[in-house]
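Spelled out from the first residue to the last, the chains are:
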Amino acid sequence: MYTAEPVSTQSPAGPGNAPGLRPSVRSRVGGVRASLRRSAPALLVYAAVRAAGLLFLTAYAWYSGAHPRTLLGTSWDARWYLRIAQYGYGTVIPSGTQHAVIYNDLAFFPLYPMTVRAVHAVLPIGLVNVALLVAWAAAGLTAWAVYLIGERLYGHRVGMALVLLYGLLPHAIIQTMAYTEPVLTALSAWALYAVLTKRWIAAGVLAALAGCARPNGCAVAAAIVAGVLVDAWRKRKAGRPWFEPRAWAGALIAPLGWLGYVLWVGLETGDLKGYFTVQAGWGSRYDFGWSALRYFKHLLTHPSYFTYYVAAFIVAGFVILFVLCVTDRIPVALLVYSAVLLLIGIGGAGFFQCKPRFLMPAFPVLIPAALALARARPRTAAVAVVSLAGFSFCYGTYLLTVSPLAL
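These numbers were taken from a predicted model, which means no experiment stands behind them.

### Description of the overall build of the protein chain
Inference 1: Secondary structure assignment for the protein chain yields 18 helices and 4 strands.
Inference 2: Its C-alpha atoms give the protein chain a radius of gyration of 22 Å, near enough to 22 Å, the size a compact globule of 407 residues would have.
Inference 3: Projected onto its principal axes, the C-alpha positions of the protein chain cover 75 × 60 × 50 Å.
Inference 4: Burial analysis of the protein chain (407 residues in total) assigns 50% to the buried set.
Inference 5: A separation threshold of at least 6 residues defines the contact pool for the protein chain, and within that pool the share at least 24 residues apart is 73%.
Inference 6: Looking at the protein chain as shown, the accessible area adds up to about 19500 Å², and 68% of this sits on carbon and sulfur atoms.
Inference 7: The centroid of the 32 positive side-chain charges in the protein chain is displaced by 8 Å from the centroid of its 11 negative side-chain charges.

The following block contains the structure:
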């Protein structure tokens, strides 16, 4: 996340050269500070837009007689995460419907609820408060890494625009909910930044952690492997030694978190396919996008909930932006990461209204839009940002206060 510069061991003590610290540590601390200073404007912009969204939600929640903390911290899947954090795994609830759906908490990966449990042990301010605190901290870390990626590839203005667009996604309210997406996206973004800066071990460890956060965390591991292969190919093409032990070690570490949890569920259930059986019990299966195509057709011929139409619009928008990313030739690791998220998010059957949430970690697809926003005239950019903000705040509030569909 920073570039270490050699520092003389004879450097005198002073500001930034604290006695007792190794030179490499001092250099890294200085690098982090410099990175944070560069990112500060983007972090402030992100905090401002998300705070505005929360204020909009709070005002409507109080008007409608609901409590905003309850909406953010205990809606839908958040209740499952809180239960796992408090009691551990072991909850199985038959749906009682004719479809014989079985809700098993083994469908939820452990990193976020276990982090909430650990933080709550040292900061006993209430489980819901801790869950929101962890999610908000992760959202801030995400914005930091997203800015650094945009800045490294295209400069400061694009980095700012990328963070702003990520914070103004129509469903950006999820970034401040007690959900796993903020944690997954934070780990993914920093892992991708580590790939871009060739910190292979850090990239592998972060990818392994991301694999413990959500089922689609395997996309990060795929990105790390792709980054290592591309780096090796370029070195070989240039006539340099292509085998770098740290890079291949990072590639081997990357999938361990995802594989480890899937195998553990298999052991718990006594079935090697146990995790996928659990997901099937929820009504989730992979059909290569056929159900999504049928749902698009359904929306054209039958009236349905507003949420479904917006979900269809967002899915289509992400696909178009991904094609633009391919034509713009963004780094291969970012392309592979986004492609795997799209394949998993769109290819899965069921929960059509949740597909925008599944695609939200695919922030690299916003790069073409960020480039356009950064190059636009100030008046054009202002109109675009205000329009996006208005829709994002209204739609996020609608999702949590009006829409009857699971988020």
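Alright, that's what it looks like, and here's the rest.
### Concerning the pattern of salt bridges
Once their charged atoms are close, side chains differing in charge can pair, the charge on each being opposite to the other.
Inference 1: With the rule as written, the count across this model stands at 7 salt bridges.
Inference 2: Of the charged contacts, one joins Asp77 and Arg357 as a salt bridge, the two residues approaching to 3.5 Å between their closest N and O atoms. Of the two residues, Asp77 is situated in helix H3 (residues 77-87) and Arg357 in helix H16 (residues 355-359); the sequence distance between them amounts to 280 residues. Taken individually, Asp77 and Arg357 each receive the classification buried, so the pair is uniform in this respect.
Inference 3: Linking Lys198 and Asp231 is a salt bridge whose minimum nitrogen-to-oxygen distance equals 3.6 Å. Of this pair, Lys198 sits in the loop between helix H7 (181-196) and helix H8 (200-211) while Asp231 sits in helix H9 (residues 218-237), and the two are 33 residues apart along the sequence.

### Comments concerning the packing of aromatic side chains
Inference 1: Here the structure, examined in full by the defined rule, presents 29 aromatic pairs.
Inference 2: Members of the aromatic cluster, connected to one another through ring pairs, are Trp80, Tyr81, Tyr103, Phe108, Tyr112, Tyr179 and Trp282.

### A word on H7
The periodicity of an α-helix, 3.6 residues per turn, causes residues three or four places apart in sequence to face the same way.
Inference 1: Taking 1.5 Å per residue, 16 residues should reach 22 Å; H7 reaches 22 Å between its end C-alpha atoms and fits that length.
Inference 2: Across the 16 residues of H7, 16 count as buried, placing the element largely inside the fold.
Inference 3: Immediately downstream of H7, the backbone of Lys198 shows phi near 60°, a positive value.

### Re a nonpolar patch on the surface
Inference 1: Together, Tyr286, Phe288, Trp290, Leu293 and Leu343 line one region of the surface with nonpolar side chains, adding up to about 640 Å² of accessible area.
Inference 2: Accessibility expressed as a relative area gives 41% for Tyr286, which makes it partly exposed.

### Description of the side chain of His171
Inference 1: Among the structural elements, His171 can be located in the loop between helix H6 (156-167) and H7.
Inference 2: Its relative accessible area of 1% is what places His171 among the buried residues.
Inference 3: The residues touching His171, leaving out its near neighbours within four places in the chain, are Ile314, Pro356, Arg357, Met360, Tyr395 and Leu399.

Calculation criteria
- Residues numbered from 1 in each chain as written.
- Predicted model: local features only at pLDDT ≥ 70, side-chain atom pairs only at ≥ 80, totals over all residues.
- Heavy atoms only, no water.
- Helix = DSSP H or I, 4+ residues; strand = E, 2+ residues; numbered from the N terminus.
- Rg over C-alpha atoms; globule rule 2.2 N^0.38 Å.
- Buried < 20%, exposed > 50% of the residue type's maximum accessible area, 1.4 Å probe, protein only.
- Contact = heavy atoms within 4.5 Å.
- Areas by Shrake-Rupley, 256 points an atom, 1.4 Å probe, with all protein chains shown as cover.
- Lys, Arg positive; Asp, Glu negative; His and termini not counted.
- Charge placed at Lys NZ, Arg CZ, Asp CG, Glu CD.
- Salt bridge = Lys/Arg side-chain N within 4 Å of Asp/Glu carboxyl O.
- Phe/Tyr/Trp six-rings, centres within 6.5 Å; stacked < 30°, edge-to-face > 60°.
- Expected span 1.5 Å × (residues − 1).
- Patch = residues over 30% accessible without salt bridge, like charges linked within 9 Å, V, L, I, M, F, W, Y side chains within 5 Å.

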